[in-house]
Amino acid sequence: MNPFGAPYPLVNVDGRLVDRSEAAVDIHAHVLSYGTGTFEGIRAYWNPRHEQLYLSEAVGHFERLHRSARILGLPLTFSVAELVELTRELLRANEVRGNAYVRPILLQSGAVLPVRLHDVDVRLSIAVTPVPGDYLAAAGVRCMVSTWRRAPDVTTPNRAKVVGSYVGPALAKTEAVRAGFDEALMLTVDGFVAEATTANVLMRFGDRWSTPPGTDDILEGITRAQVMTLLAESTGTPVVERRIHRSELYCADEIVLCGTAATVASVVEVDGRTVGDGTVGVPGKQLRADLWAISARDDDRHPEWTTPVYEKG
Ligand code: PMP
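Computed from a predicted structure; not experimentally measured. (Residues numbered from 1 in each chain as written. Predicted model: local features only at pLDDT ≥ 70, side-chain atom pairs only at ≥ 80, totals over all residues. Heavy atoms only, no water.)

We now examine the overall build of the protein chain. Looking only at helices and strands, the protein chain has six helices and 17 strands in total. Classification of the 313 residues of the protein chain by burial places 53% in the buried group. The contacts in the protein chain between residues at least 6 apart in sequence include a share of 72% that link residues at least 24 apart. If you sum the accessible surface of the protein chain, you get close to 13,700 Å²; carbon and sulfur atoms cover 54% of it. The averaged location of the 39 negative side-chain charges in the protein chain is 2 Å from the averaged location of its 32 positive side-chain charges. (Helix = DSSP H or I, 4+ residues; strand = E, 2+ residues; numbered from the N terminus. Buried < 20%, exposed > 50% of the residue type's maximum accessible area, 1.4 Å probe, protein only. Contact = heavy atoms within 4.5 Å. Areas by Shrake-Rupley, 256 points an atom, 1.4 Å probe, with all protein chains shown as cover. Lys, Arg positive; Asp, Glu negative; His and termini not counted. Charge placed at Lys NZ, Arg CZ, Asp CG, Glu CD.)

This is how it looks when you write it as structure tokens:
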């Protein structure tokens, strides 16, 4: 399943709009051999009624890019506000009028072979692709617990969205798909539930929702924070961040995955055991609908989560 379409032709490189072909890196670019870069994935939601495109949580994503750059010690010369403006300009230049996925990436572009993070040229690019399809099936996701574990923070910083850190999740995803599942759930090295390959996990027992804490080697998702807010608002009870055992995956009443690409997707099976009655639960379905409606401003809640792209007279 590839939900993405052909990339849009214009890319922003270091603040300048260029044709995608000019945005290519050298075969010796440091990032290609060593994964030395950091990136984001940001959704833009098209609202046909408003004839408007809304960037979702652009500030949150670019703040995380800044944190990632700081952790890796990479220079990022554009402020958060400037990055949001460059992205709006890029979406307008590409005349994007449909759901889209923005990929900012700060990468070591220098053709330098020694492994290090200092004294290598860095480039920031922002590119866009259409995203007409679902990343994970809205009709329910079948998961396996992967044999691959999340890399602990002592080997790869989990608060930075590091290019090289995606090899483990890629191995896990392929293992799951080849075994007949849709998605993998990854545990920490010491066996606690961490997250899916590119999405965070939340689970419900009765009316209480829980999710693994940031200290269990997850990437703390921006969608996770949105979902935690929406759940706290709808249930009146905060989502509990706590360590979660593998066996809880087998007896939860409901499990949802959330991430920028995934939005909200309900898990209907884990390792051959149904979750709840094996169908998409009503709370999960509602969460997904709410997130989509809020992100496209078809729902008045949380306008602070969205930034309009087109100037309206
Ligand atoms: N975990 C990982 C490893 C991810 O790659 C992503 C996607 N960025 C997420 C969680 C979800 O994060 P977000 O909601 O910020 O997209």
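Mapping R123 onto the fold places it in strand β7 (residues 122–130). Of note is the side chain of R123, whose polar atom sits 2.9 Å from the backbone oxygen of A23. Once residues lying within four places of it in the same chain are set aside, the contact partners of R123 are V13, D14, A23, A24, V25, I105, L106, L107 and S109. (Polar contact = N/O pair within 3.5 Å; in protein donor to acceptor, adjacent residues only side chain to side chain.)

Taken together, 16 residues sit near the ligand, with Y166, E195, I222, T223 and T260 positioned nearest. Between K161 and the ligand, the recorded distance is 2.9 Å, taken from a side-chain N or O atom to a nitrogen atom. Within the side chain of T260, one N or O atom sits 2.5 Å away from an oxygen atom of the ligand. Burial of the ligand by the protein chains amounts to 96% of its free accessible area of 380 Å². Looking at the shell around the ligand, the elements with two or more residues in it are α2 (58–72) and α5 (222–235). (Near = heavy atom within 4 Å.)

This next bit is on the pattern of salt bridges. Within the structure shown, the criterion is met by 19 salt bridges. In this structure, R142 and E269 form a salt bridge, with 2.9 Å as the shortest nitrogen-oxygen distance. Separated by 127 residues along the polypeptide, R142 in strand β8 (residues 141–145) and E269 in strand β15 (residues 263–270) bring together distant segments of the chain. A salt bridge links R150 to E195; the shortest N-O distance between them is 3.1 Å. Highlighted residues: R150 in the loop between β8 and α4 (167–178) and E195 in strand β10 (residues 193–196), separated in sequence by 45 residues. (Salt bridge = Lys/Arg side-chain N within 4 Å of Asp/Glu carboxyl O.)

The next subject is the state of the cysteines. Applying the stated criterion across every chain yields a total of zero disulfides. Among the cysteines around C251, which has no disulfide bond, C143 carries the closest sulfur, lying 16 Å off. Overall, C251 belongs to the partly exposed group, its relative accessible area being 49%. Between C258, a cysteine without a disulfide, and C143, which holds the nearest cysteine sulfur, the sulfur-to-sulfur distance is 13 Å. (Disulfide = S-S within 2.5 Å.)

Glancing now at the domain arrangement of the protein chain. When cut into domains, the protein chain gives domain 1 (10–130) and domain 2 (141–280). On a C-alpha basis, the centroid separation for the pair domain 1 and domain 2 is 26 Å. Domain 1 puts 20 residues into the contact, and the matching count from domain 2 is 16 residues. Among the residues domain 1 hides against domain 2, the three largest losses belong to F39, R43 and R64. Together they make up 38% of the total. (Domains from an automatic or database assignment. Buried area = accessible area lost by both parts, 1.4 Å probe.)

On to the pairing of strand β12 (residues 208–211). Regular strands place side chains that alternate from one sheet face to the opposite one. Two elements, strand β11 (residues 200–205) and β12, share three bridges in a ladder whose sense is antiparallel. Its bridge partner being in β12, F205 is matched across the sheet by R208. Here β11 folds back onto β12, and the loop between the two strands holds two residues, one of which, G206, carries a positive phi near 60°. For the crossover that starts at β12, traverses α5 and ends in the parallel strand β13 (residues 240–241), the hand is right-handed. (Pairing = 2+ DSSP bridges. Right-handed = clockwise from strand over helix to strand, strands pointing away.)

Next up on the list: α4. Between its first and last C-alpha atoms α4 spans 16 Å; for twelve residues at 1.5 Å apiece the expected length is 16 Å, and the two agree. Looking at α4, one finds that the buried residues are P169, A172 and A176. Around the axis of α4, the buried residues are gathered within 60° of arc, so they sit on the same side. Opposite its buried face, α4 presents the exposed residues V167 and R178, each directed more than 90 degrees away. Packing partners of the buried residues in α4 comprise β8 and β9 (183–187). Note on α4: the residue one or two positions beyond its end, G180, has a positive phi of about 95°. (Expected span 1.5 Å × (residues − 1). Arc of directions from axis to C-beta.)

Looking now at the nonpolar core. Counting residues in hydrophobic clusters, the biggest one holds 31 residues, and the most contacted among them are L53, L55, L91 and V128. For this core, the secondary structure elements donating two or more residues are β4 (42–47), β5 (52–56), α2, α3 (80–93), β6 (100–108) and β7. Counting residues per element, this core draws most heavily on α3, which supplies six residues. If we ignore the near neighbours within four places in the chain, the residues touching L55 are I42, R43, A44, T87, R88, L91, V102, W305, T306, T307 and V309. Among the nonpolar cores identified, the runner-up in size contains 21 residues, and L187, A252, I255 and V275 belong to it. (Core = buried A, V, L, I, M, F, W, Y, C linked by side-chain atoms within 4.5 Å.)

Bringing the packing of α2 against α3 into the picture now. Interhelical geometry of α2 versus α3 gives an angle of 125° and a closest axis separation of 9 Å. Comparing the axis directions of α2 and α3 gives the class oblique. Considering how the two elements wind past one another, α2 and α3 form a crossing that is right-handed. On the side of α2, the interface is formed by A58, V59, F62, E63 and H66, while α3 contributes V80, L83, V84 and T87. Residue composition of the contact of α2 with α3, grouped by class: six nonpolar, two polar and one charged. (Axes fitted to C-alpha atoms, helices over the stretch in contact; angles between N-to-C directions. Parallel < 35°, antiparallel > 145°, perpendicular 65-115°, else oblique. Left-handed = near helix turned anticlockwise from the far one by under 90°. Nonpolar A, V, L, I, M, F, W, Y, C, P; charged D, E, K, R; others polar.)

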